Structure formats: structure tokens, C-alpha cells
Amino acid sequence: MRTSQTTTGLSRPTTDQKISVGTLAYINARNRQREYDIVIKEFEASGITQATLANRMGKSPEVICRLLSRPQNWESDTFSGLIFAISGGVPKYEITYPIGKAEFMSGLTFEVKKSSPTVGGFTPANYKLGELRPVGNA
Amino acid sequence: MLRQQILESLLDEDRPELFELKPIFSQDDETPRTMYVSADILAVVTPPFDDTLEGERLGKFRAWLDDFVDGARLSVSEEPRGKPPDTMLARVEEVEQEFWSIRVTEPADTSGIRSFGAFWKLDEFVAVTWAMREDIGREFDEAVHDARERWKDLFGAVTPHSGDDLDAYLTNYYRAF
């Protein structure tokens, strides 16, 4: 029978004890890679060029090239801006609990969804600041 | 003994020489890739990770390995020399020996970690040695040699996977440039 390393070894924070920088390094590095994979997958599926993406975002091609070159510590605005500019998409956020839920979360699921990019008919290509209009009763 | 039987014997739980590394957490139960590691590597990438710079570096190392197993997009270079500094996986000389360097290039204010090994088959990698990059220093070829010797200790005459192009080694990669 095969030997697999399956135990997580990470413990869920339960006290006010500082989380080690090693643990945070692991968590953050994996998050960076996932954000990167999402953006690259969306970019490749879109078929647009880096030049088009640069135009949409109002950035130089060099900046876009650098942003897409590897996983990195993007600001939240950069991540959401890339997704929207590529395809009009918005990230869907979901929290998972791979090492167990906190007591206060017992029996609950939690998901944050953002509005559909099609609401209002905006696409990155024709989007301009100032065109936003309230939907329904403001 | 068949090639696959040799691997299975090295993974045998009675006296394992290699360990199949499962991500600490994963998006899916089925992972797109497989990573086998030596006991030396398993020892340093098994949490907890310390609240020190070394712990931070080893946390990044484990993240690299888990991202590999989870099928993350990897930047790969087949050029042992002249590759971009943030390349994630690169061939090492001599190329025909089919050995590769896992390149953990963060935290940025460190020289990173290198782990050496070879592909077993498409999307399956065996990492046999590791070191802090500064500990390797100018003896990089020696470090690669040590990895090849470790491979021979484990697999005898069984050689690493070889392919005509990168598609024979990996899915979901891009060429570092």
C-alpha cells in the first residue's frame, strides 16, 4: 500500500496567539497562485491580446505583460480590474474551511456573490465611467 | 521489476523511501498532478511552519509543491542558463539527464529554495533533494549531481521520464521568457 502524506498539520486559529509567518506564507502563496490561475484562464479563454487588455485598463503593455508574467501580490483592485477588463466578469468569493469550521460557523455556509456583469449591459469594451445608472429604485 | 513496480515499492508503507504528497488543502479530491518527495523533503514541508524567516521560506516551498499537485499554471524553462529569475521550474544541465530544478523564488529578500528531481511521467514528478539556494552557492552542478546520485539510489537503472517537448512532461504551463 502506498504511503501518502495526508495530514494537514495546520491548526485553525482559535486563540489570540500569533499565526506564524510560515503558515501565512503558505496560505498567501497558494492564494496568489489561485488568483493568477483564474486570471490567466480567463485571459486565454477570451482570445484578446495583451495590447487590448492594456488599452482597456489604461495601462502600458509593459505593465500588463508584467502583471501576467507570474503569480504575485496583486492588490485586490488589480485582480478585480483584470477580470472585468478581460471578460466583464467579477470574482465570486467563497470561503472554505479545509481545517475545520470555527464554532460560530457550525451548521452555516457562507458565500459572497457579486452582481452579474451583464446587469446594465456593460462590457469592458464599451464601459466608461459615468455611464453607470442605478438599477431599480435608487 | 517493472518501472511502475519499482515506484510502488518505494512508496510501500512498510518501509517507504518516497511519499506521495497530498496538498494541505485542495479544491478537488482528484488532483491533476502527482508529486513524490523524499523523506528529507517531507520533513521540512510538513507543518507547522515556524514563525521565522526559515519557516516562511519552507511555507513557500510547500505552497509550490501543493500548487503543482493542484495543477497550477507553472512557468517553465528548458534553458538551464539565461532563464528569467522568477521561473518556477527549469531544466538543469546536463539536459539529457532529464533533471529539473524546482525554483522557489520567494520571499523576495531571500535567495530562495531549490529542489531537484525528475519527471516520472506526464504530470508526475519525483523531488529527491532540496536546499536553501545560498547553501548551494556556486556548487550548483554538485547539487544536481547529488540529486542524480540520490535518484540512482532509489531507482537503480530506471531513468527519468523523457519526452520530445514540454507537452510530454506537463500540462498547464507556459514558457518563461
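Now for a description of the structure that goes with this document. These numbers come from a predicted model, not from an experiment. (Residues numbered from 1 in each chain as written. Chains lettered and ligands numbered in written order. Predicted model: local features only at pLDDT ≥ 70, side-chain atom pairs only at ≥ 80, totals over all residues.)

### Observations concerning the overall build of chain A
Part 1: Scanning chain A from terminus to terminus reveals four helices and three strands.
Part 2: Expressed as a percentage of its 138 residues, the buried residues of chain A come to 16%.
Part 3: Pairs at least 24 residues apart make up 58% of the contacts formed inside chain A by residues separated by at least 6 positions. (Helix = DSSP H or I, 4+ residues; strand = E, 2+ residues; numbered from the N terminus. Buried ≥ 20, exposed ≤ 12 C-beta atoms within 10 Å, placed from the backbone. Contact = placed C-beta atoms within 7 Å.)

### Here we look at the pairing of strand β5 (residues 100-104) of chain B
Residue and element names in this part refer to chain B.
Part 1: With five of five residues buried, β5 lies mostly within the body of the structure.
Part 2: Side chains W100, I102 and V104 project from β5 onto one buried face, and the interleaved S101 and R103 project onto a second face that is buried too.
Part 3: As defined by bridge partners, strand β4 (residues 89-91) adjoins β5 across three bridges and the pair is classed as antiparallel. Bridging across to β5, A90 finds its partner in S101.
Part 4: Pairing of β5 with strand β6 (residues 113-121), which is carried by five bridges, proceeds in the antiparallel orientation. Within the sheet, the bridge partner assigned to S101 lies in β6 and is F116. (Pairing = 2+ DSSP bridges.)

### Section: the environment of Q72 of chain A
Residues and elements named next belong to chain A.
Part 1: As for its placement among the helices and strands, Q72 is situated in the loop between α3 (61-67) and α4 (76-87).
Part 2: Under the C-beta neighbour-count criterion, Q72 is labelled partly exposed, with 15 such atoms within 10 Å.
Part 3: In the structure, Q72 is positioned 39 residues away from Q33 in sequence and 7.7 Å away in space, judged by C-alpha atoms.

### Quick notes on the nonpolar core
Part 1: Core analysis: the largest hydrophobic core is formed by 46 residues, its most contacted members being M35, V37, L65, F68, V126 and A127 of chain B.
Part 2: Here the element with the most residues in this core is helix α3 (residues 53-69) of chain B; it accounts for seven residues.
Part 3: With residues near it in sequence (within four places) discarded, L65 of chain B still touches L21, M35 and V45 of chain B.
Part 4: Core analysis: the second largest hydrophobic core is formed by 10 residues, L53, I83, A85 and I86 of chain A among them. (Core = buried A, V, L, I, M, F, W, Y, C linked by C-beta atoms within 7 Å.)

### Remarks on the environment of E124 of chain B
Residues and elements named next belong to chain B.
Part 1: One can find E124 in strand β7 (residues 124-132).
Part 2: In sequence terms E124 and Y169 are 45 residues apart; their C-alpha atoms lie 8.1 Å from each other.
Part 3: Apart from the residues lying within four places of it in its own chain, the contact partners of E124 are R33, T34 and F119.

### Observations concerning the pairing of β6 of chain B
Part 1: Burial analysis of β6 of chain B places seven of its nine residues in the buried class, which makes it a mostly covered element.
Part 2: If you look at the hairpin formed by β6 of chain B and β7 of chain B, you'll find two residues sitting between the two strands, and D123 of chain B has a positive phi there, around 65°.

### A few points about the packing of helix α1 (residues 21-46) of chain A against α3 of chain B
Part 1: Packing of α1 of chain A against α3 of chain B leaves a shortest axis separation of 7 Å and a crossing angle of 35°. Classified by chirality, the crossing of α3 of chain B by α1 of chain A is right-handed. Contacts between α1 of chain A and α3 of chain B involve V21, G22, T23, A25, Y26, A29, R30 and Q33 of chain A from the first element and G55, E56, L58, G59, K60, R62, A63, D66 and D67 of chain B from the second.
Part 2: Tallied by class, the residues present in the contact of α1 of chain A with α3 of chain B amount to six nonpolar, five polar and six charged. (Axes fitted to C-alpha atoms, helices over the stretch in contact; angles between N-to-C directions. Left-handed = near helix turned anticlockwise from the far one by under 90°. Nonpolar A, V, L, I, M, F, W, Y, C, P; charged D, E, K, R; others polar.)

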